[in-house]
Amino acid sequence: MNILLIGSGGREHALAWKMAQSKKLDKLYIAPGNAGTSSIGQNVDIKPTDFEQTGKFVIENNIDMVVVGPEDPLVKGIHDYFLETPALKKIAVIGPQKEGAMLEGSKHFAKQFMFRHHIPTARYHSVNKDTMEDGLKFLEQLRPPYVLKADGLAAGKGVLIIDTMEDAKAELQAMLTGKFGVAGNTVVIEEFLSGIELSVFIITDGESYKILPDAKDYKKIGKGDTGLNTGGMGAVSPVPFVDKTFLKKIEDSIIRPTVEGLKKENILYQGFLYFGLINCKGDPFVIEYNARMGDPEAEVVLPRISSDIVELFEGVASKNLASKTVDIIPGSVTTVMLVSGGYPGSYEKGKVIENLNQTDGCIVFHAGTKLTDGKVVTNGGRVISLTACGRNFKEALANCYRNAGIVKFDKMYYRPDIGFDL
Ligand code: AMP
Ligand code: GLY
């Protein structure tokens with residue numbers, strides 16, 4: 001089978017690496033990919049949201065399946081585009097259609113969905129420019145800190161956690177008057193939930209689902225979870241505090257009602273679904289849904305799956321996922337992200353990355369890299385994801401950090417304390 005994978009980050013390198021182990025794979029293309037994916041398949045210079053070029057490439061290269069990594073093309077409707085285009089409608093697309101991707105693309109839609117299906121989540125109120133007064137009143141009912149979320153995609157920057165009422169009111173006004181562009185035309189005001197966060201993933205064909213290994217990512221740039229939010233600085237799988245009882249609560253109160261809810265609403269969802277959860281005194285609540293795998297969670301979850309992922313994708317496409325199995329490798333897998341100095345603010349690109357082939361006992365997943373004159377250079381904020389395994393997460397992390405001391409590039413930074421809270 002020929003597969004086109006869409007995206008260019010560490011998640012996509014991990015997906016490419018996992019798919020390359022399948023006996024079902026003939027040729028793998030990655031659009032646009034990075035320096036890491038080019039050693040596994042063939043990179044193709046097409047933007048993830050250029051559906052027309054993607055469709056043309058798929059026809060010309062006899063592609064059988066398209067696997068969508070990031071949210072942008074899903075929320076913009078790449079799967080719908082394929083279904084609506086006669087020459088493409090038989091191609092398998094792994095990733096939900098636009099309506100299902102709204103679970104990530106609109107926080108307001110996601111909150112309404114959760115309330116309709118009695119899925120535990122924080123109390124909320126959504127407002128727009130015309131109903132700002134209601135929003136100010138709702139804020140008065142809450143205790144600090146206050147949570148404000150831009151409704152639409154805002155590249156992970158659209159959520160504000162604010163300590164004082166005065167600042168919350170000012171920020172609400174700023175958001176409704178364009179601080180995050182159209183993404184903030186609607187703002188979701190939420191009750192703050194306190195607890196420890198974790199991520200759970202499923203793959204579904206719209207009928208049945210398989211639970212994948214759970215993971216915890218570290219979003220803040222600084223030691224001890226301080227400073228600005230990033231795409232993710234590292235991850236651990238499994239999450240030590242997720243025992244059978246807690247996982248059963250997650251499945252009964254969140255996963256099953258979500259899949260059943262989608263079915264009841266006639267939203268055919270085929271692909272990965274990511275549950276961003278918070279453990280509040282032993283009970284799981286949903287913080288967010290994502291319509292894709294997490295990044296860097298994919299870099300720890302996929303290496304723990306021993307089953308053939310392409311077979312699972314076939315099950316998703318032909319709606320017989322129930323007949324497949326997902327086997328999990330015991331032990332822990334962790335990842336530490338090497339990032340460009342200055343990230344998540346401004347940073348330089350084009351730094352030569354050294355010693356990549358001197359790493360030992362880890363998998364090097366490329367995130368923001370490209371090949372220039374035969375050399376691998378930095379090409380983004382998050383650059384390299386060093387993934388390693390161990391009998392437990394401490395052993396796995398020791399392997400990651402040993403290798404973080406080997407790879408080098410100018411102004412490289414990484415968090416020294418992934419897993420510090422576990
Ligand atoms: P989101 O993009 O919705 O995942 O929000 C980004 C981050 O904000 C989450 O990972 C949480 O750390 C935090 N957050 C979002 N909503 C809440 C909430 N209701 N209570 C506490 N923290 C939240
Ligand atoms: N690691 C967080 C995300 O993928 O959204």
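As a starting point, this report considers the structure included with it. (Residues numbered from 1 in each chain as written. Chains lettered and ligands numbered in written order. Predicted model: local features only at pLDDT ≥ 70, side-chain atom pairs only at ≥ 80, totals over all residues. Heavy atoms only, no water.)

### Concerning the overall build of the protein
Now for step 1: Scanning the protein for helices and strands turns up twelve helices and 23 strands.
Now for step 2: Against the globule reference of 22 Å for 422 residues, the protein gives a C-alpha radius of gyration of 21 Å, in line with a compact fold.
Now for step 3: In terms of overall dimensions, the protein has C-alpha extents of about 60 × 50 × 45 Å along its principal axes.
Now for step 4: The buried share of the protein, reckoned over its 422 residues, is 56%.
Now for step 5: Contacts in the protein between residues far apart in sequence, at least 24 positions, make up 69% of those at least 6 positions apart.
Now for step 6: The averaged location of the 52 negative side-chain charges in the protein is 2 Å from the averaged location of its 49 positive side-chain charges. (Helix = DSSP H or I, 4+ residues; strand = E, 2+ residues; numbered from the N terminus. Rg over C-alpha atoms; globule rule 2.2 N^0.38 Å. Buried < 20%, exposed > 50% of the residue type's maximum accessible area, 1.4 Å probe, protein only. Contact = heavy atoms within 4.5 Å. Lys, Arg positive; Asp, Glu negative; His and termini not counted. Charge placed at Lys NZ, Arg CZ, Asp CG, Glu CD.)

### Concerning the pattern of salt bridges
Now for step 1: Counted under the stated rule, the structure contains 29 salt bridges.
Now for step 2: The salt bridge involving Glu71 is made with Arg292; its shortest N-O contact spans 2.9 Å. Separated by 221 residues along the polypeptide, Glu71 in helix 3 (residues 71–75) and Arg292 in the loop between strand 17 (283–290) and helix 10 (298–301) bring together distant segments of the chain.
Now for step 3: Its relative accessible area of 12% is what places Arg292 among the buried residues.
Now for step 4: Ionic pairing is found between Glu140 and Lys169, a salt bridge with its closest N-O pair at 2.7 Å. (Salt bridge = Lys/Arg side-chain N within 4 Å of Asp/Glu carboxyl O.)

### Some remarks on the packing of aromatic side chains
Now for step 1: All told, the structure shown has 13 aromatic pairs when counted by the stated rule.
Now for step 2: For the ring pair Tyr29 and Phe57, a centre distance of 5.0 Å and an interplane angle of 80° mean the geometry is edge-to-face. Of this pair, Tyr29 sits in strand 2 (residues 27–32) while Phe57 sits in helix 2 (residues 51–60); the two residues are 28 residues apart in sequence, bridging distant segments of the chain. Of the two residues, Tyr29 and Phe57, both sit in the buried class.
Now for step 3: The interplanar angle of 90° and the centroid separation of 5.9 Å between the aromatic rings of Phe272 and Phe313 together place this pair among those described as edge-to-face. Of the two residues, Phe272 is situated in strand 16 (residues 271–280) and Phe313 in helix 11 (residues 309–317); the sequence distance between them amounts to 41 residues.
Now for step 4: Under the relative-accessibility criterion, Phe272 is labelled buried at 4%.
Now for step 5: Here Phe313 falls in the buried class, since its relative accessible area comes to 0%. (Phe/Tyr/Trp six-rings, centres within 6.5 Å; stacked < 30°, edge-to-face > 60°.)

### Topic: the environment of Ala322
Now for step 1: For Ala322, the position within the fold is in the loop between helix 11 and strand 18 (332–340).
Now for step 2: Residues Ala322 and Ile196, 126 residues apart in the sequence, show an inter-C-alpha distance of 32 Å.
Now for step 3: Among all residues touching Ala322, those that are not within four sequence positions of it are Asp205, Ser208 and Lys210.

### As for the site of ligand 1
Now for step 1: For ligand 1, the set of nearby residues contains 14 residues, the closest of which are Glu190, Glu191, Leu193, Glu197 and Glu288.
Now for step 2: Take Glu191: an N or O atom from its main chain is 2.9 Å from a nitrogen atom of ligand 1.
Now for step 3: Protein burial of ligand 1: of its 480 Å² of free accessible surface, 88% is covered by the chains.
Now for step 4: Listed by contribution, the elements that provide at least two residues to the shell around ligand 1 are strand 7 (146–150), strand 8 (159–162) and strand 17.
Now for step 5: Of the residues contributing to the shell around ligand 1, the split by class is seven nonpolar, no polar and seven charged. (Near = heavy atom within 4 Å. Polar contact = N/O pair within 3.5 Å; in protein donor to acceptor, adjacent residues only side chain to side chain. Areas by Shrake-Rupley, 256 points an atom, 1.4 Å probe, with all protein chains shown as cover. Nonpolar A, V, L, I, M, F, W, Y, C, P; charged D, E, K, R; others polar.)

That is the geometry; function is a separate question.
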